[in-house]
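Coordinate inspection notes
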Amino acid sequence: MTARFHGVTIGQPLAPMVLEAGHAGPAAKAGRALFKFLRLGRPVSPLRLGDRFRKAMDQFDKVWEVVRIWTTVDGLLHVRLRCLDGQGETRIISAITLTDSNFFLPVPTQPSPD
């Protein structure tokens with residue numbers, strides 16, 4: 001018994017449907033996205049552990065530090081931020097959002113005295 005889901009028969013090989021010329025169904029779009037991801041590989045992060053940011057338009061002026069960087073299963077780069085106000089608050093943000101100046105602004109690091 002086969003089932004149909006959005007024009008794709010469950011159990012049917014995906015590759016011939018994806019490669020058909022002129023086929024613009026959901027399977028073809030997903031296949032093209034997957035092939036593009038595999039061809040380009042994983043994104044390289046311009047972010048480093050210890051980088052600090054402030055939320056744009058934040059009235060409390062909290063400083064957030066990058067404590068973890070990883071790529072999720074869908075290929076998107078994410079970071080865990082830790083608030084430096086001593087209360088232990090953390091957030092998970094996509095790297096795209098973190099590097100967008102509409103949402104976050106980098107905090108310059110001060111050189112350590114030698």
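Residues numbered from 1 in each chain as written. Predicted model: local features only at pLDDT ≥ 70, side-chain atom pairs only at ≥ 80, totals over all residues. Heavy atoms only, no water.

**Regarding the pairing of strand E6 (residues 90-94)**
Strand residues, when the strand is regular, have side chains that alternate between the two faces of the sheet. When strand E5 (residues 77-83) meets E6, the two strands line up antiparallel, connected through five bridges. Note on E6: the bridge partner recorded for Leu81 is Arg91. Connecting E5 to the antiparallel partner E6 that follows it, the hairpin turn spans six residues, and Gly86 within it adopts a positive phi of roughly 85°. (Pairing = 2+ DSSP bridges. Helix = DSSP H or I, 4+ residues; strand = E, 2+ residues; numbered from the N terminus.)

**Here we look at the sheet that holds strand E3 (residues 52-55)**
Judged by pairing direction, the sheet is antiparallel, and its five strands sit side by side in the order E6-E5-E4-E3-E7 without closing on themselves. Either end of the sheet is taken by a strand with one partner, and the two such strands are E6 and strand E7 (104-106). For this sheet, the mean inter-axis angle between neighbouring strands, taken without regard to orientation, is 40°. Where E3 lies against E7, three bridges are found, and the strand directions are antiparallel. In the strand pairing of E7, Lys55 is matched with Phe104. (Axes fitted to C-alpha atoms, helices over the stretch in contact; angles between N-to-C directions.)

**A look at the confidence of the model for the chain**
Looking at the chain, pLDDT values average 73 and 57% of them are 70 or higher. Between residues 12-23, whose pLDDT stays under 50, and residues either more than four places distant or in other chains, the model counts 14 contacts. (pLDDT = per-residue confidence, 0-100. Contact = heavy atoms within 4.5 Å.)

**What to know about the nonpolar core**
Counting residues in hydrophobic clusters, the biggest one holds twelve residues: Leu47, Phe53, Trp64, Val66, Leu77, Val79, Leu81, Cys83, Ile93, Ala95, Leu98 and Phe104. Those elements that provide at least two residues to this core are strand E4 (63-71), E5 and helix H3 (95-98). It is E5 that contributes the most residues to this core, four residues altogether. (Core = buried A, V, L, I, M, F, W, Y, C linked by side-chain atoms within 4.5 Å. Buried < 20%, exposed > 50% of the residue type's maximum accessible area, 1.4 Å probe, protein only.)

**As for the packing of aromatic side chains**
The description of an aromatic ring pair uses the distance of the two centres, along with the angle that the planes make with each other. Per the stated rule, a full pass over the model turns up zero aromatic pairs. If you follow Arg68 out to its NZ or CZ, it ends over the ring of Trp70, 4.1 Å from the centre. (Phe/Tyr/Trp six-rings, centres within 6.5 Å; stacked < 30°, edge-to-face > 60°. Lys NZ or Arg CZ within 6 Å of the ring centre and 35° of its normal.)

**Focus: unusual backbone geometry**
At Met57, a residue that is not glycine, the phi angle is positive and equals roughly 65°. Residue Asp61 is not a glycine yet carries a positive backbone phi of 60°.

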